[in-house]
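If you want the building blocks of each chain, they are given just below.
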Amino acid sequence: MTYQPHAFARTDRSRLGLWWWTTDRLLMSAVAILIGLGVMLSFGSSPAAAQRIGLSDPFHFALRQSVYAAAGACILLAVSMCSPRAIRRLAFFVYVAAIGIMILLPFLGHSAKGATRWLELGGFSLQPSEFMKPALIVLVSWMFAEAQKGEGVPGVSIAFGLYFVAVALLLIQPDIGQTVLITIAFGAAFWMAGVPMSWVMGLGGVGIAGLCSTYFLFDHVHARVQKFLSPDKADTHQIDRAAEAIAAGGLIGRGPGEGVMKRHVPDLHTDFIYSVAAEEFGLVFSLFLISLFGFLVVRGLYRAMKLNDPFEQVAASGLFVLLGQQAFINVAVNLNMIPTKGMTLPFISYGGSSMLAMGLTLGMALALIRKRPNAYANPATAPAGAAFA
Amino acid sequence: MSLVHHTSSGLWRRLIEGVWQVEHAFERNKAKGRAADDTRLRIFFVLSLFALAFLLLAVEATRSALFSDAGKGSGALDLPPEARADLVDRNGRLIAVDLVHYGLYLNPNEIWDRVETRRGIRAALPRLSAARLEKALASGRREYLIGGLTPQERAAVHDLGLPGVQFEEETRRVYPLGNSASHLIGFSDTAGHGLAGSERALDPLIRNAAHTGATVPLALDLRIQGVLEEELRKGRAEFSADSAVGIVTDVRTGEILALSSQPDFDSAAPGAAPQPNLVNHAAASVYEMGSTFKIFTLAMGLDSKAATINTMFDANGPLHMGSRVIHDYHAEHKAISLSDVFILSSNIGTARLALKAGEANLVNYFKRFGLLEPAKTELAEAARPITPRDWNASTVASASFGYAISVSPLNVAAGVGAIMNGGVYHPLTVLKRKPGEKIEGSHRVVSEETARHMLDLMRLNVLKGSGGKADAAGLRVGGKTGSAEKAGVGGYQRKKLVSSFAAVFPTDGPVDGPRYLVLILMDEPKATPKTFGFATAGWNATPVAGRVIDRIAPFVGVRRAPATPFAPSGGDRVPVGDDVSGIEQ
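Computed from a predicted structure; not experimentally measured. (Residues numbered from 1 in each chain as written. Chains lettered and ligands numbered in written order. Predicted model: local features only at pLDDT ≥ 70, side-chain atom pairs only at ≥ 80, totals over all residues. Heavy atoms only, no water.)

S.K.: So what about the overall build of chain B? Which residues, and what values?
M.R.: Secondary structure assignment for chain B yields 18 helices and 21 strands. Sorting the 585 residues of chain B into buried and exposed places 57% on the buried side. For chain B, the proportion of contacts with a sequence separation of at least 24, taken over those separated by at least 6, is 71%. When the accessible surface of chain B is totalled, it reaches about 24400 Å², and 56% of it is carbon and sulfur. (Helix = DSSP H or I, 4+ residues; strand = E, 2+ residues; numbered from the N terminus. Buried < 20%, exposed > 50% of the residue type's maximum accessible area, 1.4 Å probe, protein only. Contact = heavy atoms within 4.5 Å. Areas by Shrake-Rupley, 256 points an atom, 1.4 Å probe, with all protein chains shown as cover.)

S.K.: I'd like a description of helix 6 (residues 155-172) of chain A, backed by residues and values.
M.R.: Think of an α-helix as 3.6 residues a turn; residues three or four steps apart then line up on the same face. In this model helix 6 of chain A runs 26 Å from its N-terminal to its C-terminal C-alpha over 18 residues, within 8% of the 26 Å that 1.5 Å per residue would give. Listing the buried residues of helix 6 of chain A in full gives Gly155, Val156, Ala159, Phe160, Leu162, Tyr163, Ala166, Val167, Leu169 and Leu170 of chain A. (Expected span 1.5 Å × (residues − 1).)

S.K.: Lay out the nonpolar core in plain terms, naming residues and giving numbers.
M.R.: By size, the foremost hydrophobic cluster in this structure holds 124 residues, and its most contacted members are Met132, Tyr274 and Phe347 of chain A. Setting aside residues up to four positions removed in sequence, methionine 132 of chain A forms contacts with Tyr95, Ala98, Ile99, Met102, Ala166, Leu170 and Ile182 of chain A. In terms of nonpolar packing, the next biggest core, distinct from the first, is built from 91 residues, Ile336, Ala357, Ala375 and Ile405 of chain B among them. (Core = buried A, V, L, I, M, F, W, Y, C linked by side-chain atoms within 4.5 Å.)

S.K.: Explain the pattern of salt bridges residue by residue, including any values.
M.R.: All names here are of chain B. Scanning the entire structure with this criterion turns up 35 salt bridges over all chains. Notably, a salt bridge pairs glutamate 134 with arginine 118, separated by 2.5 Å at the nearest N-O pair. Of the two residues, glutamate 134 is situated in helix 4 (residues 130-138) and arginine 118 in helix 3 (residues 114-124); the sequence distance between them amounts to 16 residues. Relative accessible area serves as the criterion here: at 32%, glutamate 134 is assigned to the partly exposed category. For arginine 223, the salt bridge goes to aspartate 221, with nearest N and O atoms at 2.9 Å. Note on aspartate 221: relative accessible area 3%, which makes it buried. Salt bridges sharing common partners tie together Arg84, Asp98, Arg173, Glu199 and Asp203. (Salt bridge = Lys/Arg side-chain N within 4 Å of Asp/Glu carboxyl O.)

S.K.: So, the pairing of strand 2 (residues 94-106) of chain B: which residues are in play, and what are the values?
M.R.: All names here are of chain B. Extensive coverage of strand 2 is indicated by the burial of ten of its 13 residues. Relative to strand 2, strand 1 (residues 87-88) runs antiparallel, the two being bridged by two bridges. Paired with leucine 87 across the two strands is alanine 96, which belongs to strand 2. Once strand 1 ends, the chain turns through five residues before running back antiparallel as strand 2, passing glycine 92 with a positive phi of about 90°. By the bridge criterion, ten bridges tie strand 2 to strand 4 (residues 165-174) in an arrangement that is antiparallel. The residue bridging glycine 103 from the neighbouring strand is glutamate 168, located in strand 4. The sheet contact formed by strand 2 and strand 3 (residues 143-149) spans four bridges and is antiparallel. By the bridge assignment, tyrosine 102 is partnered in strand 3 with leucine 149. (Pairing = 2+ DSSP bridges.)

S.K.: Explain the side chain of serine 188 of chain B residue by residue, including any values.
M.R.: If you trace the backbone, serine 188 of chain B turns up in strand 5 (residues 187-188). Residue classification places serine 188 of chain B among the buried positions, given a relative accessible area of 14%.

S.K.: Describe helix 13 (residues 347-357) of chain B, listing the residues and the values that go with them.
M.R.: All names here are of chain B. Of all eleven residues in helix 13, eight are buried, a share of seventy percent or more. Among the residues of helix 13, those classed as buried are Asn347, Ile348, Gly349, Thr350, Ala351, Leu353, Ala354 and Ala357. Where helix 13 starts, the residue carrying a side-chain oxygen 3.4 Å from the main-chain nitrogen of isoleucine 348 turns out to be serine 346. (Polar contact = N/O pair within 3.5 Å; in protein donor to acceptor, adjacent residues only side chain to side chain.)

S.K.: Run through the environment of asparagine 461 of chain B, naming residues and quoting values.
M.R.: Residue and element names in this part refer to chain B. As for its placement among the helices and strands, asparagine 461 is situated in helix 17 (residues 448-464). Owing to a relative accessible area of 0%, asparagine 461 belongs among the buried residues under this scheme. Separated by 121 residues in sequence, asparagine 461 and aspartate 340 have C-alpha atoms that sit 9.1 Å apart. Those residues within four positions of asparagine 461 in sequence are excluded, and the remaining contacts are Phe342, Ile343, Ser466, Gly467, Gly468, Gly479, Lys480 and Thr481.

S.K.: Please set out the pairing of strand 9 (residues 255-262) of chain B residue by residue, giving values where relevant.
M.R.: Residue and element names in this part refer to chain B. The buried count for strand 9 comes to eight of eight residues, which makes it a mostly enclosed element. Pairing analysis gives seven bridges linking strand 8 (residues 243-250) to strand 9, with the strands arranged antiparallel. Directly across from isoleucine 247, in strand 9, lies its bridge partner leucine 259. Count of turn residues in the strand 8/strand 9 antiparallel hairpin: four residues, of which glycine 254 carries a positive phi of about 80°.

S.K.: Just give me the short version of the packing of helix 5 (residues 128-149) of chain A against helix 7 (residues 176-193) of chain A, but keep the residues and values in it.
M.R.: Residue and element names in this part refer to chain A. Interaxial distance between helix 5 and helix 7 falls to 10 Å at its minimum, and their mutual angle equals 20°. Put simply, helix 5 runs roughly parallel to helix 7. Pair helix 5 / helix 7 crosses with right-handed handedness. Residue-level contacts link Ser129, Glu130, Met132, Lys133, Leu136, Ile137, Val140, Ser141, Phe144 and Gln148 of helix 5 to Gln178, Leu181, Ile182, Ala185, Phe186, Ala189, Phe190 and Ala193 of helix 7. Classifying every residue of the contact of helix 5 with helix 7 gives twelve nonpolar, four polar and two charged. (Axes fitted to C-alpha atoms, helices over the stretch in contact; angles between N-to-C directions. Parallel < 35°, antiparallel > 145°, perpendicular 65-115°, else oblique. Left-handed = near helix turned anticlockwise from the far one by under 90°. Nonpolar A, V, L, I, M, F, W, Y, C, P; charged D, E, K, R; others polar.)

S.K.: Give a detailed account of the packing of aromatic side chains, specifying residues and quantitative values.
M.R.: Enumeration according to the criterion identifies 29 aromatic pairs over all chains in this entry. With centroids separated by 5.6 Å and ring planes inclined at 70°, the aromatic side chains of phenylalanine 92 of chain A and phenylalanine 93 of chain A adopt a geometry described as edge-to-face. Taken together, a centroid distance of 5.1 Å and an interplanar angle of 85° make the contact between tyrosine 403 of chain B and tyrosine 492 of chain B edge-to-face. Remark: tyrosine 492 of chain B occurs in strand 19 (residues 491-505) and tyrosine 403 of chain B occurs in the loop between helix 15 (393-400) and strand 15 (406-407); sequence separation between them is 89 residues. Residue classification places tyrosine 403 of chain B among the buried positions, given a relative accessible area of 1%. In textbook terms, an aromatic cluster arises when at least three aromatic residues are bridged by ring pairs, as seen for Phe144, Phe160, Tyr163, Phe164, Phe186 and Phe190 of chain A. (Phe/Tyr/Trp six-rings, centres within 6.5 Å; stacked < 30°, edge-to-face > 60°.)

S.K.: Explain the packing of helix 6 of chain A against helix 7 of chain A residue by residue, including any values.
M.R.: Residues and elements named next belong to chain A. It is at 9 Å that the axes of helix 6 and helix 7 come closest, and there the two elements cross at 170°. One finds that helix 6 runs roughly antiparallel with respect to helix 7. Residues Val156, Ala159, Phe160, Tyr163, Ala166, Val167, Leu170 and Leu171 of helix 6 form the contact with helix 7, whose own contacting residues are Ile176, Gln178, Thr179, Ile182, Thr183, Phe186 and Phe190. In the contact of helix 6 with helix 7, the residues fall into twelve nonpolar, three polar and no charged.

S.K.: Go over unusual backbone geometry with me, naming the residues and quoting the values.
M.R.: Between glutamine 262 of chain B and proline 263 of chain B the backbone carries a cis peptide bond, its omega angle lying at 5°. With respect to the helices, strands and loops of the structure, proline 263 of chain B is situated in the loop between strand 9 and helix 10 (281-284). Omega for the peptide link from phenylalanine 505 of chain B to proline 506 of chain B comes to -15°, which places this bond in the cis form. Phi angles above zero are rare outside glycine, and phenylalanine 347 of chain A is one such case at about 70°. Mapping phenylalanine 347 of chain A onto the fold places it in the loop between helix 13 (310-334) and helix 14 (352-368).

S.K.: Mind laying out the environment of isoleucine 439 of chain B, listing which residues take part and the relevant values?
M.R.: Residues and elements named next belong to chain B. Relative to the assigned elements, isoleucine 439 resides in the loop between strand 16 (424-425) and strand 17 (443-444). Taking the relative accessible area as the measure of exposure, isoleucine 439 reaches 11% and is therefore buried. Separated by 185 residues in sequence, isoleucine 439 and glycine 254 have C-alpha atoms that sit 8.9 Å apart. Residues within four places of isoleucine 439 in sequence aside, it is in contact with Arg252, Thr253, His426, Pro427 and Arg433.

S.K.: Could you give an account of the environment of serine 500 of chain B, with specific residues and numbers?
M.R.: All names here are of chain B. Position of serine 500 among the secondary structure elements: in strand 19. Taking the C-alpha atoms as reference points, serine 500 and aspartate 523, separated by 23 residues in sequence, lie 8.6 Å from one another. Contact partners of serine 500, with chain neighbours within four places excluded, come to Met289, Thr292, Lys480, Thr481, Gly482, Ile520, Leu521, Ala537 and Ala541. A polar side-chain atom of serine 500 sits 2.7 Å from a polar atom in the side chain of threonine 292.

S.K.: A description of the sheet that holds strand 9 of chain B should follow, citing residues and the corresponding values.
M.R.: All names here are of chain B. Spatially, five strands are ordered 9-8-20-19-18 in an open sheet, and the strand pairing comes out antiparallel. What marks the edges here is a single partner per strand, and that holds for strand 9 and strand 18 (478-488). For this sheet the average axis-to-axis angle between neighbouring strands, irrespective of direction, equals 10°. Direction of pairing for strand 19 relative to strand 20 (residues 516-523): antiparallel, over a ladder of eight bridges. Paired with serine 499 across the two strands is methionine 522, which belongs to strand 20. Its contacts with the sheet put helix 17 on strand 18 and strand 19, and the angle it makes with strand 18 is roughly 80°.

S.K.: So what's going on with the side chain of lysine 480 of chain B? Residues and values would help.
M.R.: Within the secondary structure layout, lysine 480 of chain B lies in strand 18. On the accessibility criterion, lysine 480 of chain B (0% relative accessible area) is buried.

Interpretation in functional terms is not warranted from these geometric data alone.
Structure (structure tokens):
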């Protein structure tokens, strides 16, 4: 047996060895840290939630979150080993499955908090729309790329078709948050794929009109926007407590487990986990968390930018946009910068569907930006944004 | 293109052309060799946007964590919902204040050693009931154990180092004065709702003031309150009265400078007091006041011109009203002038005056004096008077000397105050009025001339009548006694009296000059050897009022006259005309 200085030698051509040497290990580490933090925070924050709803086991949610985190990590690793072609196939099947389940939701679904978004599967609530998002982004990127080839595939029309089917099903639930998320990600993908500026303007207008119409059509959106615009009048219990928690945390926080807001406000372990973390661990931790997400998104987009293939470029970027916007919106809601929108903080908030879907999203993204022969522009001749022949 | 071409309408054509165009925009870009490069630029743009967005998040996170007012109590939004403003007396002395206390929570799941926890907490917090602690220990979840821990108590429990013991801040209302002025101050619940006294009466004001950081000044003067309480307590003990009421008001403003109802309670722990102690007899109890009411009847008689100060009334023999007979306590068996009716406290004379003036006049004036409805004050405790179901000769005669109508001491204070204030009625207030403030609800009840006569009569009654023991040296005190038999089963009870003394000082000076009213009332005072067996107002309520006036005059700035025109009534001489208004059925 020969001496091996490393688990994977450079010369290791096994599937795992290849994966190790071609994957962006910095991004992988950032994700690993995020998942670890998520599990840690859920042990701190969710006993309060478990207690409130009368569960005898204080770690009911925390233990489940640990299982989800492990499963999410497995999905992430497995998917990140795929080739771009396999990613396209995976996206297609996931999309079809998710859409199929979403069509059946009105008949089989589980209603909670005024919406039918969940499918009960043996004690686990599956939210198909979470999985549909990354699949849709990969598929539309593929279609845009096909359209560019000019080989007769009506890619743009198909992409819009896929998008409208998804949006229609989301609005039936209704789930305005996810609709906004996929609209932004779809728009970003469409734009990055190279849509003419005049179309950008037009679609921007349609998007704004759409947002305005949801404001008038859906009561809970209306109430939330009203609440944000006139905080004096509306009941802003959650957001007020979140602001107090963040302020109470200060620079270094109250200390692990010392937070008090988590006992007073429902659902802090999901949408307002950032505030819980800020109260217990302070600004130092919050900035670390924000930096981690910022690093993930910026480095991910940077790597995607360097790719050669239009499909890989747009799909990878779109997936990072998906992650980035969700992190941004969640933290921004916690900091009361935008109206309250029920949205999970990727990898950190409690929730199985969210965790697994994020594993899928990041897995796909990492797979697409892996080093492959001819995948990247020659760094010596092609700086960012420079002409590439 | 595999799209369905349906060109019958121009709109469809344009739409399809548009789709066609964008489908091929990509192609055209590709053809120009710009696609990948273009995409790079665009991704770079998105990347920059996200970099900016996360930078913005970092800035906002810093601002929210370090420079936010949330939860600091400095902004209107950050106060706890139960926040209440500080209450202070008219001189700014603290009466009630919100202070941070701690709630103790026990999480049995985290406890290692139940025995140690039980022993430690019991030793550190003796006031916690053992049963309560056992219940929390036996429960399967985190429970609120006890609230209102002071920082010292919190430290004592905290220093035990017990796991599963947690504290959360909570606001508690603190009343540093203990029993002092408790009926006037009242109290609030832990949710910040005023439940009694000024805390309840001024609830919206106090809660709003909390948001501006302002204090709420009461009309109360703690120095006067201290004197009133001390003298009232002494008097109640001396005469073994069931309960006693004292009120001091500034008649020019209607401000309640002091108010005491004995027995009282600690505002900080109203639940610990016996239930009867919580009743504010000054506001919530109504009494047949007896002769004190003659102030109202005479003011009515003079003001309605039914009589002058010198009109003679026949007090020769009892007055027969159908089956009832009205007697005088000190029967004179002759005709007496109106001023003697007052000073001798003649029931017969007063009844004749009321009958002469007529029922309409009496009701009209009583109404103006505010005697037919709850006393006009912020206090929610103010009770509705019990008035005769119908006014006829019999009830008019009875009401004229304070029977058949029951009012609260506050009613009397407001009504007498109006007559002594140059004839202008001011609603009573627990709030400090601003100088020169226009008082809402003020109205004239009698002329200044009538007011002047009444001041003189009050003074004369102290000089020559039943109020002698209230004549504090040099303070020109005026007043009227009343000793009413309490109604019981089977009629009025001779030995159970409600004695009262309505005093005013100084009685000289301009008719609308500075003037203060002191009302003392005792419920069932007992005779003592020192009172020669008397239990009437001249022996108990009157000297208490005199001592109060003697001590508070410096606080309200009433100077002692160098020499009093008349010598005060002798110490243990039976006061003239100290009356019990008796009614025989």
